[in-house]
Number of protein chains: 2
Amino acid sequence: VRIEGLTIGDELLDGAVPDGNAAWLGRALDALDHSVSARLTVRDDIDAIADALRTITARADLCIVTGGLGPTDDDLTVDGLCRAAGVDFEFDAAAWARIEARYGDRAIPVSNRRQARRPVGGALLVNEVGTASAVELTIGTCHVICLPGVPREARWLFERHVAPQLPTPANANQLRIIRFALIGESTLAERIEALDLPTDVDVGWRACGPVNEIKLRGLAAVIDPLADRIRAALPTDHLGGHPTLAHATIAAACKAGLTVGTAESCTGGLVGAALTDVPGASVAFAGGIISYANAVKMRQLGVSESILKTHGAVSEACARAMAEGARAALDVDVAVAITGIAGPGGGTPSKPVGTVWFAWSGAGLDATRCVHIKGDRDRVRAFAVAHALDPIRRGLAATQRTLAGQRASTAQGESHGPR
Amino acid sequence: VRIEGLTIGDELLDGAVPDGNAAWLGRALDALDHSVSARLTVRDDIDAIADALRTITARADLCIVTGGLGPTDDDLTVDGLCRAAGVDFEFDAAAWARIEARYGDRAIPVSNRRQARRPVGGALLVNEVGTASAVELTIGTCHVICLPGVPREARWLFERHVAPQLPTPANANQLRIIRFALIGESTLAERIEALDLPTDVDVGWRACGPVNEIKLRGLAAVIDPLADRIRAALPTDHLGGHPTLAHATIAAACKAGLTVGTAESCTGGLVGAALTDVPGASVAFAGGIISYANAVKMRQLGVSESILKTHGAVSEACARAMAEGARAALDVDVAVAITGIAGPGGGTPSKPVGTVWFAWSGAGLDATRCVHIKGDRDRVRAFAVAHALDPIRRGLAATQRTLAGQRASTAQGESHGPR
């Protein structure tokens, strides 16, 4: 089936908001081995919407529309759909009853009646998470399904009403994604190509900040052994099925039965935020100290004034002292410290913007490292988060057995308190 | 002029990366009082690109293409452009010399010769930040400019080669944006509409998480007084020209000469990350304690075990103790504490997911508050950040004069150490 997308909304063309629905829909279809052949984005204008629908329905089998189903005057998707199909709309009593039920005792704005308009010959599909029903109509040989622009509602309606309609692809191809952190795309490509890939696998690449993804598409009998070979060839590099480096780090810490803490300067809380983005992170992540000011580095982490005076805050000595201080202050098994120059200001010839020192303390992972990260403030901070976490993930996976043995014999009965 | 956009790339339709160029281009044109009438996104396929260009050039005056100008086999923009125009391409010696100069002593991959292909009758425009020249060709009455997909290069080329070509809009309209945090769109609309708006102003709305924007477009002589009236009608609500709530908070703290610290539980570092996203934040933000585990709440913030046992970690008493503890531990003028249930797990009938307690200590802002935030983990955490910062921004703006007086008389000679 040829699937095309149509996004409706001035705010998307003006760049006020990114088209998150387009990205999400692309991924959702990709996972089902379908794809969007093309996407058109038009303004909140009846003629523009109708023209776009005429163009798309003349060549596609399925058109998925997002946006323009709200209750206000500039929500014109149903109007454009009716114009493109040459049909009128009628009042849908069942949809109206659902809107009334959602409002309960509250007064319903009269404008919400717009959301009960059904194109003649079409249908309004139940939305249990909002007032905008999905709208369905066939024009010529193309099936059109309109979803509201609110991402949560669009996803719910897609899963409920669109995905089940999609034909199972004849070739039964499946998708496997293997993720790697902090390996350059060219290095990764070299290592993978050396594996002598089967010809009946479609191999895709995607770099997303510090994480690189390899996508394998083909028959399960072919791609599953290949995925195993790739993981075996890069045994400590892949994230082991976890969607982010933070997920992989939390999982490694949970498996090792160890707790993690942070001492952040230039990342200012981003490492903690990434780890606590993982539901259930509290099992392994105890907390952190954001020591942005030198005074906090001294007071909370015990960094000595002489280190700050002699080496500066962005130095190996300071990073090491921060990590050791955090490990003690937070009473965790392993602590990571990050101190660097995120820019745009603060760089010097010997410590340019992007210079970041890392230190790890505890769990046998004691180490320091300096990384020079290229790019703007956002990129320096994002990559610094990855450089901070990756050695923990790798190290805990490698050492967990040894450590479990040590802990059992030396730390019996010890408690880290409620978490 | 009618401007249309064309985005080329499988990765955008598959949702592997969001179309950041589309969003940025929309904003850049919007700021110049131009706009993109429609956007088409197609795959890395010569026929799809050529078809799209034929459709667009038949109706637009300017077509801005992004993507597909790299050196690899799947970069097919020039091929599609030539096919749409019915012309061949020729080798551009000057463009090739620029690529050679960029490589210097390094070997140039032979594939880079693709980037020196010029459509007959067109031009390759100088790119000083990468190897992909912009490609220019007129098809019929439509001027087509192709920019590379790399955002930094696309922006540089747009500023250098596209923006100067755009006609100055006859009406000389300008754009003013006023931002508000944590005010509902309907409340805001009501307050603004009560101001009796002039008819020659185009008023736009945009809700972006906890921040709402009002966009005024019209002649400066009309919109500037209106912007003043709106700010006067909601004097403490608008963010005063700052792009984010964190920027406004840092600015208010700098102006008041006060330092800020954080104690975060469910936000796990997001408040610190938001504040340190502001370049120069170190003047006002000293640091924070991420007290995810109760043990850290006790050790680092001095929350008593009895509070945790009697009231629980998500409680007014715990939030207050966290804020007071952070203020003392970090030696800051004002501290904010956040403790809540971000979900998806952890909710109870009396404290459902989304229950968040806040407390502020110092600078005359002592207060506590409970907010019930709807939505998933990401939304709860994002809104919690806004609820944490907004009272600081408002409070410091209101109290800065009083406090400056108090500090001068009571805290003379006091030092907070290097920052």
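Thresholds, definitions, all that
Sequence order as written defines residue numbering, which begins from 1 separately in each chain. A letter from A marks each chain and a number from 1 marks each ligand, given out in the order of writing. Owing to the predicted nature of the model, reporting of local features is limited to residues with pLDDT of at least 70; listing and counting of side-chain atom pairs is limited to 80 or more, with chain, interface and lining totals taken over all residues. Computation of side-chain values covers all heavy atoms of the structure but excludes hydrogens and water. The helix count covers DSSP runs of H or I at least four residues long, the strand count covers runs of E at least two residues long, and both are numbered beginning at the N terminus. The contact criterion used throughout is that any non-hydrogen atoms of two residues lie within 4.5 Å. The protein chains shown are the only cover counted for residues, whose accessible areas, like all others here, come from Shrake-Rupley with a 1.4 Å probe. Under this rule, positive means Lys or Arg and negative means Asp or Glu; His and the chain ends count for nothing. To locate a charge, the coordinates of NZ of Lys, CZ of Arg, CG of Asp or CD of Glu are taken. Like-charged residues within 9 Å of one another, or nonpolar side chains (Val, Leu, Ile, Met, Phe, Trp, Tyr) within 5 Å, are grouped into patches, provided each residue has over 30% relative accessible area and no salt bridge. Only one rule defines a salt bridge in this text: a Lys or Arg side-chain nitrogen within 4 Å of an Asp or Glu carboxyl oxygen. Working definition: with a 1.4 Å probe on protein chains only, accessible area under 20% of the residue-type maximum means buried, over 50% means exposed, and in between means partly exposed. Planes of paired rings set the category: under 30 degrees apart is stacked, over 60 is edge-to-face and the rest tilted, where pairs are Phe, Tyr or Trp rings (Trp by its six-membered ring) whose centres lie within 6.5 Å.

Participant: Before we go on, may I ask you to explain the overall build of chain A in this structure?
Facilitator: Regarding its fold elements, chain A presents 14 helices and 16 strands. In terms of principal-axis extent, the alpha carbons of chain A reach across some 80 × 55 × 50 Å. In chain A, 68% of the contacts between residues at least 6 apart in sequence involve partners at least 24 apart. Summing over all exposed atoms, chain A offers an accessible surface of approximately 17,300 Å²; the carbon and sulfur share of this is 52%. Distance from the positive charge centre (42 side chains) to the negative charge centre (47 side chains) of chain A: 6 Å.

Participant: So what exactly am I meant to see when it comes to a positive patch on the surface here?
Facilitator: A contiguous patch of positive charge, built from Arg102, Arg106 and Arg152 of chain A together with Lys374 and Arg379 of chain B, is present on the exposed surface. Looking at the element boundaries, Arg152 of chain A is found in helix H6 (residues 151–162). Under the relative-accessibility criterion, Arg152 of chain A is labelled exposed at 57%.

Participant: Looking at this structure, I do not really get helix H4 (residues 77–85) of chain A. What am I missing?
Facilitator: Three- or four-residue spacings in an α-helix give side chains the same orientation, since the helix completes a turn every 3.6 residues. Residues and elements named next belong to chain A. Here H4 lies mainly inside the structure; seven of its nine residues are buried. Within H4, the full set of buried residues consists of Thr77, Val78, Asp79, Gly80, Leu81, Cys82 and Ala84. Within two residues after H4, Gly86 carries a phi angle of roughly 70°, on the positive side.

Participant: Any chance you could explain the packing of aromatic side chains here in plain terms?
Facilitator: Working definition: an aromatic ring pair is given by the centre-to-centre distance plus the angle between the planes. All names here are of chain B. All told, the structure shown has eight aromatic pairs over all chains when counted by the stated rule. Taking the centre distance of 5.7 Å and the plane angle of 80° together, the rings of Trp24 and Phe158 count as edge-to-face. Separated by 134 residues along the polypeptide, Trp24 in helix H2 (residues 20–31) and Phe158 in helix H6 (residues 151–162) bring together distant segments of the chain. The exposure classification of Trp24 matches that of Phe158, with both residues buried. Note on Phe358 and Trp360: the rings are 6.0 Å apart at their centroids and 10° apart in plane angle, and the pair reads as stacked.

Participant: Any chance you could explain the environment of Gly257 of chain A here in plain terms?
Facilitator: Relative to the assigned elements, Gly257 of chain A resides in the loop between helix H9 (245–256) and strand E12 (260–264). For the pair formed by Gly257 of chain A and Asp333 of chain A, sequence separation is 76 residues and the distance between their alpha carbons is 9.4 Å.

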